[in-house]
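Here are the chains, one letter per residue:
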There are 2 protein chains.
Amino acid sequence: MKVIAILYKGGKAAKQEPRLLGTVGNELGIRSWLESRGHEYLVSDDKEGPDSFLHKHIIDADIVITTPFHPGYITKDLLDKAKNLKACATAGVGSDHVDLNAAAAKGIDVFEVTGSNVVSVAEHAVMSILLLVRNFVPAHEMIKRGDWIVSDVARDAFDLEGKVVGTIGAGRIGYRILQRLQPFNCKEFLYYDYNALTPEAGQAVGAWRVEDLEAFVAQCDVVTINAPLHEGTRGMVNKELLAHFKEGAWLVNTARGAICNADDVAAAPAPRDHPWRTMQGPHGGGNGMVPHYSGTTLDAQRRYAEGTREILENFFDGKPQIAANVIIGSKGYATNSYGQR
Amino acid sequence: MKVIAILYKGGKAAKQEPRLLGTVGNELGIRSWLESRGHEYLVSDDKEGPDSFLHKHIIDADIVITTPFHPGYITKDLLDKAKNLKACATAGVGSDHVDLNAAAAKGIDVFEVTGSNVVSVAEHAVMSILLLVRNFVPAHEMIKRGDWIVSDVARDAFDLEGKVVGTIGAGRIGYRILQRLQPFNCKEFLYYDYNALTPEAGQAVGAWRVEDLEAFVAQCDVVTINAPLHEGTRGMVNKELLAHFKEGAWLVNTARGAICNADDVAAAPAPRDHPWRTMQGPHGGGNGMVPHYSGTTLDAQRRYAEGTREILENFFDGKPQIAANVIIGSKGYATNSYGQR
């Protein structure tokens, strides 16, 4: 079979660090295995426009591997041209860059490596919550510029203890965040999700469901977004909703940017002058934005590289996939994580 | 009585934010209460040299209040001159800026507001561990300068899950860190402390004691320092000990700088060209240094301002202090937190 992969550039870093598996340079570490099985394997980061690697090679590819970190957009248009395509595999979690409805209609499987980086992202979200609440960035920048003015950073620094934390989405990542926050003596944990946690799962993390989104955000000191991007979540956090947030609340979106602002959908990654890069609160804090790397720690890369290989192996051998990895299978959608109720 | 306090400058921030209690501007919020009790209350940030406020007013002060954030050093020399001094109260936790041996010899009480910011510092340490392991700072700086090169930051980004975390000091802060890290699926928790945890406390956080410091650090991916500064810990983490660290280990010192390098004792805060401000690993990460503000979040300030008031109230009324707040009482050292075994 012809397998193509769209990965991000690794450059010198990938040469120096073989654990950077998710790069063009290190090819998820599956080339020799794929070739030993007699498959063809082509890898590139070139994915935009009709002359790109992706657009040219998807035409006769059997399998296309993509990642959320440098997403190869698999549009309906591309799927129409991909006559041999049998499966899209996301090396990582989050397949919103694939037109899932179109894939389902065509009987093309879509897989992702469920669990490969949910812990990574949950850790990143907890870190981001702490560094926003505790006002880390201005404090560290003060250090770097040579100052030491405690009052200027302490004035916006709080403890997480005693705060109300709410997650939009209490799935694999959101739930892990709630788990990790258990010992922090928060005042309350809330969640907004179209799926209710089982009573046992809810009790285990002491989280209450709020069914109305505006009522939900109005109660939260910290709102963390852990939902996939789909039509139901695109632009969900907009001016209208923000008006219901508590004054001074902290918003951590480690999911997809477009959940927060419909205008920014087209731009991924954020352009150099994107306002989210430099926006800040009145005292210089409130911004902990980073490139999309939370789910691609070296630990996560190892897991999603191995998982990608397992998905492919199962696929080649006609073995069943791990159920949770299947977004769309032979019967269409196999998950309701992308907005299906 | 004459009560003097050495606090840090609040400037405009303190005027705008009354919750910045620990500043010269807001005076721990105890002036009107103190004056209603008939006491004199003088506050300043001026603490260095013979002509400073501290050196002049300590001579006939009955009580001196200091903080660890802008420490008024109460040396033996000053204590010799302080003929009326009955008590030193630390608004916060950590009284290493007071010559405790000299205070004990003179029968001067030393109090601190135990617990007022142990949670704040524990949260800060967990945040620092996460942001070092996950390589946050270079990732955020990349954002601010307009780049988006995932591989350059992912190459040094790891998950906390599966790592060995060890704390030097498993007391009020160190233990709270271990508690907060419980859900992170770390590989192992270790502690080095001259006091063993009770079997119950050790089991509750799954932490193993390592009695040899070199053997301890050699096993840790993350070393977090949570010990007071005293003669037994000053310069404890030095070249010789660092040689026993795992390669690539992360070191988080949210205690006192001087625990890490004897040469730096004299300088607090760090001078503008202090190497700790700008030091970084080969790929730009490894530095999450901030000014000393972790224990002075607004939540913590409220607690230690109230606690300072309670200490003073008990003192004035001849009521017993909360035992844990007493560092040195009528019988000398009332704690073994400062190196007394």
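This is a predicted model, so every value here is computed, not measured. (Residues numbered from 1 in each chain as written. Chains lettered and ligands numbered in written order. Predicted model: local features only at pLDDT ≥ 70, side-chain atom pairs only at ≥ 80, totals over all residues. Heavy atoms only, no water.)

*Asks:* Let's hear about the overall build of chain A: which residues, and what values?
*Replies:* Within chain A, the secondary structure is distributed over 14 helices and 12 strands. In chain A, which comprises 341 residues, the proportion classed as buried is 58%. Considering only contacts within chain A whose residues lie at least 6 apart along the sequence, 64% involve residues at least 24 apart. (Helix = DSSP H or I, 4+ residues; strand = E, 2+ residues; numbered from the N terminus. Buried < 20%, exposed > 50% of the residue type's maximum accessible area, 1.4 Å probe, protein only. Contact = heavy atoms within 4.5 Å.)

*Asks:* Lay out the sheet that holds strand E3 (residues 63-66) of chain B in plain terms, naming residues and giving numbers.
*Replies:* All names here are of chain B. Judged by pairing direction, the sheet is mixed, and its seven strands sit side by side in the order E2-E1-E3-E4-E5-E11-E12 without closing on themselves. Looking at the sheet topology across the chains shown, the edges are occupied by strand E2 (40-44) and strand E12 (332-333). For strand E11 (residues 326-329) and E12, the ladder comprises two bridges, and the chain directions are antiparallel. From the neighbouring strand, Gly-329 faces E12, where its bridge partner is Gly-332. (Pairing = 2+ DSSP bridges.)

*Asks:* Give me the lowdown on helix H9 (residues 172-181) of chain B, citing residues and values where you can.
*Replies:* In terms of burial, H9(B) is largely enclosed, as seven of its 10 residues are buried. For H9(B), the complete set of buried residues consists of Ile173(B), Gly174(B), Tyr175(B), Ile177(B), Leu178(B), Arg180(B) and Leu181(B).

*Asks:* Report on the packing of helix H7 (residues 136-145) of chain A against helix H7 (residues 136-145) of chain B, specifying residues and quantitative values.
*Replies:* In contact at an axis separation of 12 Å, H7(A) and H7(B) are set at 85° when each is read in the N-to-C sense. By the angle between their axes, H7(A) is roughly perpendicular relative to H7(B). In contact with Phe136(A), Val137(A), His140(A), Glu141(A) and Lys144(A) of H7(A), H7(B) contributes Phe136(B), Val137(B), His140(B), Glu141(B) and Lys144(B). Classifying every residue of the contact of H7(A) with H7(B) by side-chain character gives four nonpolar, two polar and four charged. (Axes fitted to C-alpha atoms, helices over the stretch in contact; angles between N-to-C directions. Parallel < 35°, antiparallel > 145°, perpendicular 65-115°, else oblique. Nonpolar A, V, L, I, M, F, W, Y, C, P; charged D, E, K, R; others polar.)

*Asks:* Break down helix H6 (residues 118-133) of chain B for me, citing the residues and quoting the values.
*Replies:* Given 3.6 residues per helical turn, the α-helix brings residues three or four places apart onto the same face. With 16 residues, H6(B) extends 22 Å from end C-alpha to end C-alpha; this agrees with the ideal 22 Å at 1.5 Å per step. The element H6(B) is largely enclosed, with a buried count of 16 among its 16 residues. (Expected span 1.5 Å × (residues − 1).)

*Asks:* Describe the side chain of Asn135(A), naming the residues involved and giving the relevant values.
*Replies:* By the element assignment, Asn135(A) lies in the loop between helix H6 (118-133) and H7. At 2.9 Å, the side chain of Asn135(A) forms a polar contact with the backbone oxygen of Val153(A). (Polar contact = N/O pair within 3.5 Å; in protein donor to acceptor, adjacent residues only side chain to side chain.)

*Asks:* Could you give an account of the domain arrangement of chain A, with specific residues and numbers?
*Replies:* The domain boundaries assigned to chain A delineate domain 1 (2-116 + 296-333) and domain 2 (118-278). On a C-alpha basis, the centres of domain 1 of chain A and domain 2 of chain A stand 29 Å from each other. (Domains from an automatic or database assignment.)

*Asks:* Account for the packing of H6(A) against H6(B), with residues named and values stated.
*Replies:* Following both chains from N to C, one finds H6(A) and H6(B) inclined at 130°, their axes separated by 9 Å at the closest point. The orientation of H6(A) with respect to H6(B), classified from their angle, is oblique. Regarding H6(A) and H6(B), the two cross each other, and that crossing is left-handed. Judged by residue contacts, Glu123(A), Val126(A), Met127(A), Leu130(A) and Leu131(A) of H6(A) engage Glu123(B), Val126(B), Met127(B), Leu130(B) and Leu131(B) from H6(B). (Left-handed = near helix turned anticlockwise from the far one by under 90°.)

*Asks:* Tell me what's going on with the packing of aromatic side chains, and back it up with residues and numbers.
*Replies:* Across all of its chains, the model carries eight aromatic pairs over all chains by this definition. Between Tyr8(A) and Phe69(A), the ring centres sit 6.3 Å apart and the planes meet at 85°, which makes this aromatic pair edge-to-face. Here Phe69(A) lies in the loop between strand E3 (63-66) and helix H4 (76-81) and Tyr8(A) lies in the loop between strand E1 (2-6) and helix H1 (11-16), a separation of 61 residues in the sequence. With respect to burial, Tyr8(A) and Phe69(A) carry one shared label: buried. Between Tyr192(B) and Phe216(B), the ring centres sit 6.1 Å apart and the planes meet at 40°, which makes this aromatic pair tilted. Taken as a pair, Tyr192(B) in strand E7 (residues 188-192) and Phe216(B) in helix H11 (residues 213-219) lie far apart in primary sequence, 24 residues in all. Under the relative-accessibility criterion, Phe216(B) is labelled buried at 0%. Looking at Arg180(A), its charged tip hangs above the ring of Phe184(B), at a distance of 5.5 Å from the centre. (Phe/Tyr/Trp six-rings, centres within 6.5 Å; stacked < 30°, edge-to-face > 60°. Lys NZ or Arg CZ within 6 Å of the ring centre and 35° of its normal.)

*Asks:* Tell me what's going on with the sheet that holds strand E12 (residues 332-333) of chain A, and back it up with residues and numbers.
*Replies:* Strand order in the open sheet formed by seven strands is E2-E1-E3-E4-E5-E11-E12 (chain A), and the pairing between neighbours is mixed. Both outer strands of the open sheet, strand E2 (40-44) and E12 of chain A, are each paired with one neighbouring strand and no more.

*Asks:* Any chance you could break down unusual backbone geometry for me, citing the residues and the numbers?
*Replies:* All names here are of chain B. Phi angles above zero are rare outside glycine, and Asn-135 is one such case at about 65°. A positive phi angle, close to 55°, is found at Asn-185, a residue other than glycine. By secondary structure assignment, the location of Asn-185 is in the loop between H9 and E7. Since its relative accessible area comes to 46%, Asn-185 is described here as partly exposed.

*Asks:* Describe the nonpolar core, and please don't skip the residues or the numbers.
*Replies:* Ranked by internal contacts, the top residues of the largest apolar core, which has 66 residues, are Leu160(A), Leu181(A), Leu160(B) and Leu181(B). Discounting chain neighbours no more than four positions away, the residues touching Leu181(A) are Val126(A), Ile129(A), Leu160(A), Val165(A), Cys186(A) and Phe189(A). (Core = buried A, V, L, I, M, F, W, Y, C linked by side-chain atoms within 4.5 Å.)

*Asks:* Tell me about the pattern of salt bridges, and please be specific about residues and values.
*Replies:* One side chain can pair with another of opposite charge once the charged atoms of both are near each other. Residue and element names in this part refer to chain A. Counted under the stated rule, the structure contains 34 salt bridges over all chains. Put simply, Arg-31 and Glu-27 hold a salt bridge, and the shortest N to O gap is 2.9 Å. On the basis of relative accessible area, Arg-31 is assigned to the partly exposed category, the value being 24%. Residue Glu-27 is classed as buried on the basis of its relative accessible area of 17%. Sharing partners across several salt bridges, the network here consists of Glu-27, Arg-31 and Glu-35. (Salt bridge = Lys/Arg side-chain N within 4 Å of Asp/Glu carboxyl O.)

*Asks:* How would you summarise the environment of Asp46(B) if you had to cite specific residues and measurements?
*Replies:* All names here are of chain B. Within the fold, Asp-46 resides in the loop between E2 and helix H3 (53-57). Measuring from C-alpha to C-alpha, the distance between Asp-46 and Ala-5 comes to 10.0 Å, with 41 residues separating the pair along the chain. Once residues within four sequence positions are removed from consideration, Asp-46 is found in contact with Ile-6, Asp-51, Ser-52, Phe-53 and Leu-54.

*Asks:* Kindly report on the confidence of the model for chain A, identifying the contributing residues and their values.
*Replies:* Residues and elements named next belong to chain A. Summing up the model confidence of chain A, the mean pLDDT is 84 and the portion of residues at 70 or higher is 85%. Per-element confidence in chain A ranges from a low mean pLDDT of 60 for helix H13 (residues 275-278) to a high of 98 for strand E6 (residues 164-168). In this model residues 264-268 is a low-confidence stretch, pLDDT under 50, and it forms five contacts with partners more than four residues away in sequence or in other chains. Taken together, the chains of this predicted complex give a pTM of 0.85 and an interface ipTM of 0.85. (pLDDT = per-residue confidence, 0-100.)

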